[in-house]
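Read off the chains here:
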Amino acid sequence: MNTTTKPGPQRRLYAAMGVLLAVLLLGAGVFMWLSGGAGGGNGIAIGGPFTLEDGNGKPVTDRDFRGKYTLVYFGYTFCPDVCPTTLSAVADAMDKLGPDAAKVRPVFITVDPARDTPPVVKKYTAAFGPEITGLTGTPDQIARVAKEYRVYYAEHRTGPGPNDYSMDHSSVLYLMDPNGAFLAPVRADQTADEIAANLKKLMG
């Protein structure tokens, strides 16, 4: 007799929590590496030229953000918790910056281009605030920009259907200076007040 049983809701919840914890730990490790606290960061090039699409399907390059600090975050619109929490904190931090908010351009780059088309990205970022620019592209374009920013991402299958998957990804905010050079990482698990304080300090 076959006594195999399907995983119950509690078991699936633990599995989901495990994936979330892994992403958070990975993000913390990447942050330390970028900061030079884990044997990396120093002398490592972060960022570079890219061509993606905004929410209107218009081509956007890294040079379009010159003249302002750019706060870059990689995630995806189907992300259940980490991404919306981070983007909400970023949007609130922009409000708390006051006049200094004019110096910063928050940018959200998807790691799930198959589902995150320009209209999807546009609607998603608009829910957090007009100051956040959402970008997408082809799988090759996303792979290239993720490699330039040292971003980890991978598909995690959750079922047999074509859309039955989530995306594991590192969770770090990258602050680029007005010339497009990497300035410093900003922890994505901070409150809006902490992010705003860090940005003010880093921007001088």
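Remember, it's a predicted structure, so these values are computed and weren't measured experimentally.

Caption draft 1: Highlighting the overall build of the protein. Looking only at helices and strands, one finds 5 helices and 9 strands in the protein. Going from the N terminus to the C terminus, the protein shows its helices and strands as α-β-β-β-α-β-α-β-α-β-β-β-β-α. Looking at the protein residue by residue over its 204 residues, the buried ones come to 44%. A separation of at least 24 residues holds for 69% of the contacts in the protein among residues at least 6 apart in sequence. Summed over its atoms, the accessible surface of the protein is roughly 10800 Å², and 57% of this surface lies on carbon and sulfur atoms.

Caption draft 2: Focus on the packing of helix H2 (residues 82–97) against helix H5 (residues 192–203). Close contact between H2 and H5 brings their axes to 8 Å; oriented N to C, the two are set at 55°. What the angle tells us is that H2 and H5 run oblique. The element H2 and its partner H5 pack so that their crossing is right-handed. Packed against H2, whose contacting residues are Ala89, Val90, Asp92, Ala93, Lys96 and Leu97, the element H5 presents Ala192, Asp193, Ile195, Ala196, Leu199 and Lys200 at the interface. A class-by-class count of the residues in the contact of H2 with H5 yields 8 nonpolar, no polar and 4 charged.

Caption draft 3: Structural context of unusual backbone geometry. Even without glycine at this site, Arg150 takes up a positive phi of about 60°. Here Arg150 lies in the loop between helix H4 (139–148) and strand S6 (153–157). Given the relative accessible area of 36%, Arg150 is considered partly exposed.

Caption draft 4: Broad picture of the sheet that holds strand S8 (residues 172–176). The mixed open sheet is built from 5 strands, whose spatial order is S5-S4-S3-S8-S9. Bordering the open sheet on either side are strand S5 (133–135) and strand S9 (182–187), each of which pairs with just one other strand. Between one strand and the next, the sheet's axes are offset by a mean angle of 25°, whatever the strand orientation. Where strand S3 (residues 69–75) meets S8, 4 bridges bridge the pair, whose relative direction is antiparallel. The residue of S8 that forms the bridge with Val72 is Tyr174.

Caption draft 5: Highlighting the confidence of the model for the protein. For the protein, per-residue confidence averages 85 on the pLDDT scale, and 79% of positions sit at 70 or higher. Within the model, pLDDT remains below 50 along residues 1–9, and this stretch shows 1 contact once partners closer than five positions in the same chain are excluded. Contacts of residues 11–29 to residues separated by more than four positions or lying in other chains number 13 contacts, the stretch itself having pLDDT below 50.

Caption draft 6: Looking closely at helix H3 (residues 118–126). For H3, the set of buried residues is Pro118, Val121, Tyr124 and Thr125. Projected onto a plane normal to the axis of H3, the buried residues spread over an arc of 130° and lie on a single side. Exposed and oriented more than 90 degrees from the buried face of H3 are Pro119, Lys123 and Ala126. Here the buried face of H3 lies against strand S1 (51–53), H2, strand S4 (104–110) and S5.

Caption draft 7: How the structure looks around the pairing of S4. Counting buried positions along S4 gives 6 out of 7 residues, so the element sits mostly inside the fold. The sheet contact formed by S3 and S4 spans 7 bridges and is parallel. Among the inter-strand pairings, Leu71 is bridged to a residue of S4, identified as Pro106. Remark: the S3/H2/S4 crossover connection has right-handed handedness. Pairing analysis gives 3 bridges linking S4 to S5, with the strands arranged parallel. Bridge pairing in S5 places Ile109 opposite Leu135. Handedness of the S4-H3-S5 crossover: right-handed.

About the thresholds
Residues numbered from 1 in each chain as written. Predicted model: local features only at pLDDT ≥ 70, side-chain atom pairs only at ≥ 80, totals over all residues. Heavy atoms only, no water. Helix = DSSP H or I, 4+ residues; strand = E, 2+ residues; numbered from the N terminus. Buried < 20%, exposed > 50% of the residue type's maximum accessible area, 1.4 Å probe, protein only. Contact = heavy atoms within 4.5 Å. Areas by Shrake-Rupley, 256 points an atom, 1.4 Å probe, with all protein chains shown as cover. Axes fitted to C-alpha atoms, helices over the stretch in contact; angles between N-to-C directions. Parallel < 35°, antiparallel > 145°, perpendicular 65-115°, else oblique. Left-handed = near helix turned anticlockwise from the far one by under 90°. Nonpolar A, V, L, I, M, F, W, Y, C, P; charged D, E, K, R; others polar. Pairing = 2+ DSSP bridges. pLDDT = per-residue confidence, 0-100. Arc of directions from axis to C-beta. Right-handed = clockwise from strand over helix to strand, strands pointing away.

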